[in-house]
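Architecture and fold: a report
Each chain is listed here by its residues.
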Amino acid sequence: MRGLTLHRRAVHAVLAMLTLVGVFVLAAATPARAGENTFVEVTPNTAQAGTRVNVRASCDNANNQQATVHSDAFGRVVLRPDNGFLTGAVTVPGNKQPGDYPVDLRCANGNTASTMLTVLNMAQPSKGPATGGGGTADDRGSGSLLLVGGLAVVAVAAGLGVFGGNRRRPRPGA
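Scoring rules and cut-offs
Residues numbered from 1 in each chain as written. Predicted model: local features only at pLDDT ≥ 70, side-chain atom pairs only at ≥ 80, totals over all residues. Heavy atoms only, no water. Helix = DSSP H or I, 4+ residues; strand = E, 2+ residues; numbered from the N terminus. Buried < 20%, exposed > 50% of the residue type's maximum accessible area, 1.4 Å probe, protein only. Contact = heavy atoms within 4.5 Å. Salt bridge = Lys/Arg side-chain N within 4 Å of Asp/Glu carboxyl O. pLDDT = per-residue confidence, 0-100. Disulfide = S-S within 2.5 Å.

A word on the overall build of the protein chain
For the protein chain, the count of helices and strands is 2 helices and 8 strands. Across the protein chain, helices and strands are ordered from the amino to the carboxyl terminus as α-β-β-β-β-β-β-β-β-α. Looking at the protein chain as a whole, 20% of its 174 residues are labelled buried. Within the protein chain, counting contacts between residues at least 6 apart in sequence, those at least 24 apart form 55% of the total.

Put into structure tokens, the structure is as follows:
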């Protein structure tokens, strides 16, 4: 009977300790603030002028409503709900000056977020470099010469295989 009383006291002590830990954890936890899941991202975040970028955003609990992003890099874009996020795509104009451009999100619920888009405007070559393009190669059948040489090597190797395999080997004990 005495063992049963000790067992009950131990169980009560463990339950009291768990209750105190639970109260401490709940008291120390900070409440969730509205808007902590509001963000905007641009992929790629460094883009050549004239290329397309994708915009993905979240407006906390308002991802079922449209939102807008604005940037001097590409103007205004409407983001639409897509699998729990807000998405859109836009092309950076080809004549956009290089630099860092803020991309500002404005949500229907009033939340805002911002990120940065870096635009590059490097000159693109209109055609490949002048490396000769095979113009210095001789046109007198160099390709057929290689083909004939390759066939000759294969024929020699096959001949050696046939003649080498036909040679008689002495029998052991004969």
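Topic: the pattern of salt bridges
Side chains carrying opposite charge are able to pair once their charged atoms draw close together. Across all of its chains, the model carries 1 salt bridge by this definition. Residue E41 pairs with R56 through a salt bridge whose shortest N-O separation is 2.7 Å. With E41 in strand β1 (residues 38–43) and R56 in strand β3 (residues 52–59), this pair connects stretches of sequence that are 15 residues apart. For R56, a relative accessible area of 30% gives the class partly exposed.

Quick word on the confidence of the model for the protein chain
Across the protein chain, the average pLDDT comes to 76, with 60% of residues at 70 or higher. Ignoring residues within four places in sequence, the model shows residues 14–35, a span with pLDDT below 50, making 3 contacts including any to other chains.

Considering the state of the cysteines
Counting across every chain of the model gives 1 disulfide. Across the disulfide from C59 sits C107; the S-S distance is 2.0 Å. In this structure the cystine formed by C59 and C107 twists about its S-S bond by roughly -80 degrees; its chirality is therefore left-handed. One end of the pair, C59, is in strand β3; the other, C107, is in the loop between β7 (99–106) and β8 (112–120), and 48 residues separate them in sequence. C107 shares its class with C59; the two are buried.

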